[in-house]
Structures are given as C-alpha cells and as structure tokens.
Amino acid sequence: GRGSQLMPKLYLRVLSDAQTKPDDEGYEISLDWLITENDGAVRGHGRTDQRGLADVADPNVEWLKDPDNTTVFVPSEFVLKVACEVPGRSQAQIRRALPFAVEEYIASDIESMHIAHGPIKAGEPIHCNLLSREQIENWLACFTSIGVHPGAFVADAEVLDQDPRIATLVFDGDSVLINNASQAAVVGRENLGMALGTLEIDHVITLSGVPTGLELGQIENSVTVEEYPVSEAGVLEYLAKRHRSGELYVNLLQGAYRPYRPQSANAARWRGVFALAAGWLVLGFISLVVQGWWANSEANRLEQLSFDF
C-alpha cells in the first residue's frame, strides 16, 4: 500500500454479515479489531460491534485518515477463490471476459457477484476472488457510516502460507479453515480428515487447535505438524503479521469499491498553488501572443516605411 510502513495500523476481521437494525440506527455486525504500533507491537485488541468500533477507531486520529492504514480481513467462507485462463490479447479484453470465464464456478447470478482479480498476464491463469455484492456493500456502508474508510478488504486465506506442500488449519469452534496454494475451504470438524486426504502435503501449520492422529492419518504422506502459538489477540494478530510482510494480495476493493480517499488540507493547498500556476501560465501565453501580434504589425509597418523610402 501507499501508507507508511511506520504508521500504526488498524486490522479488522468481520465475523458476520452487516445487517441494518430494525430501528435503522446502525448495523448489526460482529468483528475482531486489532491496533498495532509502528513496530508491529499490539496496542489493543478485542471483539466488538459497530458501536464499539466507533469508540475504538476515531476518524479524527491523523493516521486513521489514510485508508492504507486500515485493513479488513474477510473469512474465506464468504469468498470463492478460483483460478481461470481467459483468452484475450490485451488486459482490457481479458478483464471484460472475466465474468463469462468465472460464471461456470457459481450457482447464483453473476451480476450479483463482485469479482476481484490479481495481476492480468496473457497466457497465465488469473486468480479471482468472488463475493456477494450485497455483502461487501453492507460492510462498507457499516464502516463508512462511523468514519472508518478501509484501504483493503482481503480474504483471510490470501495471507496464509501458499506453499503447495503446506496446509494451514485455522480452528474455530466446530469448523476449520483449510488453506494451501490449490484451495481454501471451511469444513466441519467431522469432515477434516476426509478433506486433508485430498491434499498432497507434507507439512501442516495449525492455529487455535490441533488435528487428531486419526485425522492426520488420512494424509498419504508422512507429515510434520507446526502448532503456532496464538496470543490473546487470537488469529487476527497472526493474519496481521502475515499481512505486514509486504507481499501483494488481491484487494477486494476494486472497481466500484475502490477505497475512498478524503482530500487532505495539504492536497487542497497544493491544488490552490497549481491553479495559481496555471493562471500565470495562461496569462504568460496570452502575453506572448499579444507580443507576437504587435511585433508582426510593427515589422509590417517598418517594411512599408522602408519600401516608401
């Protein structure tokens, strides 16, 4: 992002849809929040709702005015991750053809889905993340109504290890997020062993829980298990650390959902300077035109005098 790496950061992880309250006073939403210092140390964290977030994230704080300092993680159960090859000679052609290429992967109307994509290179698979337009619009409306303007929405699986030989397991009650380079899926705990059996892996990273020997026994290869110690800040701190590594991730805020960037006072001052400079340039140009016309007229007059003489 364009925000300074030495600024504090606000990380949010939505845990539910954002739904308007019956009395139309705000949104019902559950989310985790985390604020890190310049060096990545945790300043504060917790689980809250929209009203609680409004108390935590004061939009008048200088570093929060830059959208690049606020990142929202979206659980992968809300996001469909696909990779497809799209024919086309130019990026514009490929981008226009994307909806038709990914339509076969979804059961709902493609018009109701938002498509975010990674880099487009001719002849290479394009990584796309799809989610409901209604969901992302409600989340954005929930945040912007309290003055929080995120610079990025990122699927949580995006920042986990993408090595094809490694699977990362994030335990959350009765469900488990399974992620590796080929796929990301949330499965019930009773299906974990079967899901692991479909992967060709030899290393497992676990957060907030560990698989049983029976579940690991479904994997054909012998595997090593690395249990990541999760702090009080939970999985969100791990996601934040991965995100701060500087790697590039697919930002879901594309197209109509590009981050809102309020104009700063400095930008307004520079705009005034540029306007003044442009005015002087126009005035200078007019002056040169007038001088040219006068010089041409004077030359014609002198030429006529010379001819008469």
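Structure shown above.
What comes next is a walk through the structure. Fair warning: this is a prediction, and the values are worked out from it, not measured in the lab.

Some words on the pairing of strand S4 (residues 31-36)
Line of reasoning, step 1. Counting buried positions along S4 yields six of six residues, so the element is predominantly enclosed.
Line of reasoning, step 2. Here S4 shows a buried face lined by Leu 31, Trp 33 and Ile 35 and a second buried face lined by Asp 32, Leu 34 and Thr 36.
Line of reasoning, step 3. As defined by bridge partners, strand S1 (residues 9-14) adjoins S4 across six bridges and the pair is classed as antiparallel. In the strand pairing of S4, Leu 10 is matched with Ile 35.
Line of reasoning, step 4. Pairing of S4 with strand S5 (residues 42-48), which is carried by six bridges, proceeds in the antiparallel orientation. In the strand pairing of S5, Leu 31 is matched with Thr 48.
Line of reasoning, step 5. Between S4 and S5, which pair antiparallel in sequence order, lie five residues; one of them, Gly 40, sits at a positive phi of approximately 95°.

A look at empty space enclosed by the protein
Line of reasoning, step 1. Considering all chains together, one arrives at two cavities of 30 Å³ or more under this definition.
Line of reasoning, step 2. Of the volumes computed, that of the largest cavity is approximately 40 Å³.
Line of reasoning, step 3. Every residue along the wall of the largest cavity is listed here: Ser 76, Val 79, Lys 81, Asn 129, Ala 155, Ala 157, Glu 158 and Ala 184.
Line of reasoning, step 4. Residue composition of the lining of the largest cavity, by class: four nonpolar, two polar and two charged.
Line of reasoning, step 5. Size it by volume and the second largest cavity reaches roughly 30 Å³.
Line of reasoning, step 6. As for the second largest cavity, its lining consists of Ala 57, Asp 58, Pro 59, Leu 64, Thr 70, Gly 147 and Val 148.
Line of reasoning, step 7. When grouped by side-chain class, the residues that make up the lining of the second largest cavity number four nonpolar, two polar and one charged.

Remarks on helix H3 (residues 133-144)
Line of reasoning, step 1. Look at H3: 16 Å from first C-alpha to last across 12 residues, which is about the 16 Å you get at 1.5 Å a residue.
Line of reasoning, step 2. Sitting at the amino-terminal end of H3 is Ser 132, which places a side-chain oxygen 3.2 Å from the backbone nitrogen of Glu 134.

What to know about the layout of surface pockets
Where empty space is left in the structure can be found by rolling a water-sized probe over the atoms.
Line of reasoning, step 1. Its boundaries defined by the atoms lining it, the second largest pocket holds a volume of some 320 Å³.
Line of reasoning, step 2. What lines the second largest pocket is a set of 15 residues, and nearest its centre among them are Arg 95, Pro 99, His 114, Ile 115 and Arg 133.
Line of reasoning, step 3. Sorting the residues of the lining of the second largest pocket by element identifies helix H2 (91-102) and strand S8 (113-117) as the ones contributing at least two each.
Line of reasoning, step 4. Here the residues of the lining of the second largest pocket are counted per class, giving eight nonpolar, four polar and three charged.

Re the sheet that holds S1
In any sheet, the strands associate via hydrogen bonds between backbone groups, in a parallel or an antiparallel arrangement.
Line of reasoning, step 1. Strand order in the open sheet made by the five strands is S5-S4-S1-S6-S10, with mixed pairing throughout. Strands at the two margins of the open sheet, each flanked by one partner only, are S5 and strand S10 (152-155). Taking each pair of neighbouring strands and ignoring which way they run, the sheet shows an average axis angle of 20°.
Line of reasoning, step 2. Against the sheet, helix H6 (residues 235-243) makes contact with S1, S4, S5, strand S6 (70-74) and S10, and its axis sits at roughly 125° relative to S1, the strand it touches most.

Quick word on the sheet that holds strand S13 (residues 183-188)
Line of reasoning, step 1. If you trace the five strands from one edge of the open sheet to the other, you get S13-S12-S11-S14-S15, paired in mixed fashion. On the outer flanks of this sheet lie S13 and strand S15 (224-228), each paired with one strand and no other. Looking at each pair of strands side by side, their axes are set apart by 20° on average, direction ignored.
Line of reasoning, step 2. Looking at chain direction, strand S11 (residues 166-172) and strand S12 (residues 175-180) are connected through five bridges and run antiparallel. Bridge pairing in S12 links Phe 171 to Val 176.

Some words on the pattern of salt bridges
Line of reasoning, step 1. Counted by the stated rule, this structure contains seven salt bridges.
Line of reasoning, step 2. Among the salt bridges present, the one from Asp 156 reaches Arg 13, with a minimum N-O distance of 3.0 Å. Residue Asp 156 is found in the loop between S10 and S11, and its partner Arg 13 is found in strand S1; the two are separated by 143 residues along the sequence.
Line of reasoning, step 3. Here Glu 215 ties to Arg 189 by a salt bridge, and the two come within 2.9 Å at their closest N and O atoms. Placement of Glu 215 in helix H5 (residues 213-216) and of Arg 189 in the loop between S13 and helix H4 (192-196) is noted, with a sequence separation of 26 residues between them.

Conventions used here
- Residues numbered from 1 in each chain as written.
- Predicted model: local features only at pLDDT ≥ 70, side-chain atom pairs only at ≥ 80, totals over all residues.
- Heavy atoms only, no water.
- Buried < 20%, exposed > 50% of the residue type's maximum accessible area, 1.4 Å probe, protein only.
- Helix = DSSP H or I, 4+ residues; strand = E, 2+ residues; numbered from the N terminus.
- Pairing = 2+ DSSP bridges.
- 1 Å grid on protein atoms, 1.4 Å probe; cavity = no way out; pocket = protein on both sides within 12 Å on 5 of 7 lines; lining within 4 Å.
- Points joined across faces, edges and corners; volume = space filled by probe spheres on them.
- Nonpolar A, V, L, I, M, F, W, Y, C, P; charged D, E, K, R; others polar.
- Expected span 1.5 Å × (residues − 1).
- Polar contact = N/O pair within 3.5 Å; in protein donor to acceptor, adjacent residues only side chain to side chain.
- Axes fitted to C-alpha atoms, helices over the stretch in contact; angles between N-to-C directions.
- Contact = heavy atoms within 4.5 Å.
- Salt bridge = Lys/Arg side-chain N within 4 Å of Asp/Glu carboxyl O.

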